[in-house]
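So the chains spell out like this:
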Amino acid sequence: MRAIVIPVTGGPEVLEWREVPDPRPGRGEVLIEVAASAVNRADVMQRQGRYDPPPGEPPYPGLECSGVVAEVGENVEQFRVGDRVCALLGGGGYAERVTVPWEQVMPVPDGVSLVEAAGLPEAVCTVWSNVFMLGRLRRSETLLVHGGASGIGTMAVQLAKAFGSRVVATAGRADKLERLRELGADEVINYREEDFAEKVRADVILDIVGAKYLSRNLQALRTGGRLIVIGLQGGVKAEIDLRTLLAKRAAVYGTTLRSRPADEKGAIVRGVVGSVWPLVAAGAVRPVVYAEVPMAEAAEAHRMLDSGEHVGKILLVR
Ligand SMILES: NC(=O)c1ccc[n+]([C@@H]2O[C@H](COP(=O)([O-])OP(=O)(O)OC[C@H]3O[C@@H](n4cnc5c(N)ncnc54)[C@H](OP(=O)(O)O)[C@@H]3O)[C@@H](O)[C@H]2O)c1
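Residues numbered from 1 in each chain as written. Predicted model: local features only at pLDDT ≥ 70, side-chain atom pairs only at ≥ 80, totals over all residues. Heavy atoms only, no water.

Focus on the overall build of the protein chain
Just so we agree on the cut-off: Only DSSP runs of H or I reaching four residues or more are called helices, and only runs of E reaching two or more are called strands; each is numbered from the N terminus. In this description the radius of gyration comes from C-alpha coordinates, and the expected globular size is given by 2.2 Å times residues to the power 0.38. For the exposure calls, accessible area comes from a 1.4 Å probe over protein chains only, and a residue counts as buried if that area is under 20% of its type's maximum, exposed if over 50%, partly exposed in between. Pairs of residues are marked as contacts when any of their non-hydrogen atoms sit within 4.5 Å. Note on areas: these come from Shrake-Rupley sampling with a 1.4 Å probe, and a residue is covered only by the protein chains present in the view.
For the protein chain, the helix and strand inventory stands at 10 helices and 15 strands. For 318 residues, the compact-globule estimate of 2.2 N^0.38 gives 20 Å, and the protein chain sits close to it at 19 Å. Taken along its principal axes, the extent of the C-alpha atoms in the protein chain is 55 × 40 × 35 Å. Relative to its 318 residues, the protein chain shows a buried fraction of 55%. Taking the intrachain contacts of the protein chain between residues at least 6 apart in sequence as the baseline, contacts between residues at least 24 apart amount to 66%. Of the accessible surface of the protein chain, which amounts to about 13400 Å², a share of 49% is contributed by carbon and sulfur atoms.

See below:
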């Protein structure tokens, strides 16, 4: 098969579409003939040599895909050859075929094309596991989403609205803020012009900035609030006044999805299929697709992501 390989780390130009060995499904695995994948910030970090794939995962980038089941390994009863699926991957989505533990595979939700489905698994599973499973966001509460225009952010805004919560989202450009309003955000903040900590009080904060926002995020939390850090775009080390944490009885969490074992990913995937797919089928939550790029031209898709112009997901289509 062919896949995007990273022969040396560097800029988008290092990505090469090449012949590589075909994967075979092991026990408990499904082989997917890939229709599309999607670009995530983690793929850019992997390309730059700052984020190695976890042990045992394919070396090619790609944390999600959609496609058709081409083969099933021993002990897989949940999927059959020919099923239209999408999957949360530990890597290897930028390829013609990929193997994945069956627990991480989902049917394509109703109302979404096979290609569009490639942009759902990573964003939906990240938001579901952090905002709902860990953060326990309730209907009466407010969610603050940083990086609202990102693949993750556009999903967080839609899902929290669909579950009836109030949503505030940040972004760095007027057109992005406008798009976030269209997606359902109740309030939007241009972080280049205003300090969110002066404007918002939130019960749950989904943060992709990290160190630079830590103390202001704590300031923005309500009593009993939950701050969940999933990205470190603004640095890794910060100091906080622990009195704020105590006084607010607040919690700070940090998580990654990629390194979790298949059974934990499976629990997230089951929650998504049971609770989110009906909302997708009803049209309340949609994949937000910024562009579709041929998979062989992944370098172009990475340039697009690097430029920061996008809102939502950039898909890689075969
Ligand atoms: N821990 C996990 O399990 C996990 C899983 C998936 C993703 N992530 C993380 O989630 C983040 C989003 O991922 P993605 O693939 O969806 O990325 P993406 O689409 O490339 O989006 C990144 C966004 O960050 C925004 N941004 C940068 N600095 C900001 C700031 N100071 N305040 C608010 N927004 C800011 C940019 O928008 P503006 O133009 O508005 O600045 C950009 O759209 C990444 O940091 C990624 O590493 C973590």
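What about the sheet that holds strand β13 (residues 251-254)?
Let me state the cut-off plainly: Two strands pair under a simple rule: DSSP has to find at least two bridges between them. Helix axes use the C-alpha atoms of the stretch in contact, all axes being lines fitted to C-alpha atoms, and the angles between their N-to-C directions lie in the range 0 to 180 degrees.
A sheet is described by the order of its strands in space; here six strands give the open sequence β10-β9-β8-β11-β12-β13, paired in parallel fashion. With one partner strand each, in any of the chains shown, β10 (187-190) and β13 form the two edges of the open sheet. In this sheet, adjacent strand axes meet at a mean angle of 15° when their direction is disregarded. Pairing between strand β8 (residues 142-145) and strand β9 (residues 166-171): four bridges, direction parallel. By the bridge assignment for β9, V145 is matched with A169.

As for the packing of aromatic side chains
Condition: Each Phe, Tyr or Trp ring (for Trp, its six-membered ring) is paired with any other whose centre lies within 6.5 Å, and the angle between the two planes then decides the class: stacked below 30 degrees, edge-to-face above 60, tilted in between. Whether a charge sits over a ring comes down to the Lys NZ or Arg CZ being within 6 Å of the ring centre and within 35 degrees of the ring normal.
As enumerated under the stated definition, the model contains four aromatic pairs in all. Judged by centre distance (5.9 Å) and plane angle (40°), the ring pair of W128 and F163 falls under tilted. Note that W128 is positioned in helix α2 (residues 121-134) and F163 in the loop between α3 (151-162) and β9, a separation of 35 residues in sequence. Judged by relative accessible area, which is 27%, F163 ranks as partly exposed. On the numbers, 4.9 Å between centres and 55° between planes, the contact of F196 with Y213 is tilted. Of the two residues, F196 sits in helix α5 (residues 196-199) while Y213 sits in the loop between β11 (202-207) and α6 (214-220), which places them 17 residues apart along the sequence. Comparing F196 with Y213 shows no difference in burial state: the two are buried. Positioned over the ring face of Y51 is R258, at 4.9 Å from the centre of the ring.

Here we look at the nonpolar core
Generally speaking, soluble globular proteins have nonpolar side chains that are buried together. Rules: Nonpolar core, defined: a set of buried Ala, Val, Leu, Ile, Met, Phe, Trp, Tyr and Cys residues in which side-chain atoms within 4.5 Å join the residues together.
Counting residues in hydrophobic clusters, the biggest one holds 46 residues, and the most contacted among them are V272 and W277. Per-element tally for this core: the top contributor is α2, with seven residues. Beyond its immediate stretch of four places on either side in the chain, V272 contacts M106, V124, C125, W128 and W277. V34, L89, Y94 and V105 belong to the second largest nonpolar core, which has 25 residues in total.

Thoughts on the site of the ligand
The condition that has to hold: Summary of the distance rule: residues count as near a molecule or strand when at least one heavy atom falls within 4 Å of that molecule or strand. In the analysis that follows, any N or O atom pair within 3.5 Å is treated as a polar contact, provided that within protein one partner can donate a hydrogen and the other can accept it, and provided that, for residues neighboring in sequence, both atoms belong to side chains. Here the term charged refers only to Asp, Glu, Lys and Arg, the term nonpolar to Ala, Val, Leu, Ile, Met, Phe, Trp, Tyr, Cys and Pro, and the term polar to all other amino acids, Gly among them. Each domain's extent was defined by an automatic or database domain assignment.
In the region of the ligand, 25 residues are neighbours, and R41, G172, K176, Y191 and H310 sit closest. Within the backbone of G151, an N or O atom sits 2.9 Å from an oxygen atom of the ligand. Note that an oxygen atom of the ligand is positioned 2.7 Å from one of the backbone N or O atoms of G172. Within the complex, 89% of the 910 Å² of free accessible area of the ligand lies under protein. Sorting the residues of the shell around the ligand by element identifies α2, α3 and β9 as the ones contributing at least two each. Tallied by class, residues from the shell around the ligand come to nine nonpolar, 12 polar and four charged. Two domains each put at least three residues into the shell around the ligand: domain 1 (2-120 + 258-317) and domain 2 (124-254).

Observations regarding the UniProt feature "domain: Enoyl reductase (ER)" (unreviewed entry) in the protein chain
Under the convention used in this document: UniProt positions are given in the numbering used here, feature names are shortened, and annotations may be inferred rather than shown by experiment.
UniProt's feature table lists "domain: Enoyl reductase (ER)" (unreviewed entry) at residues 10-316, given in the numbering used throughout. Overall, residues 10-316 shows 29% helix and 26% strand. The separation of its end C-alpha atoms is 20 Å.

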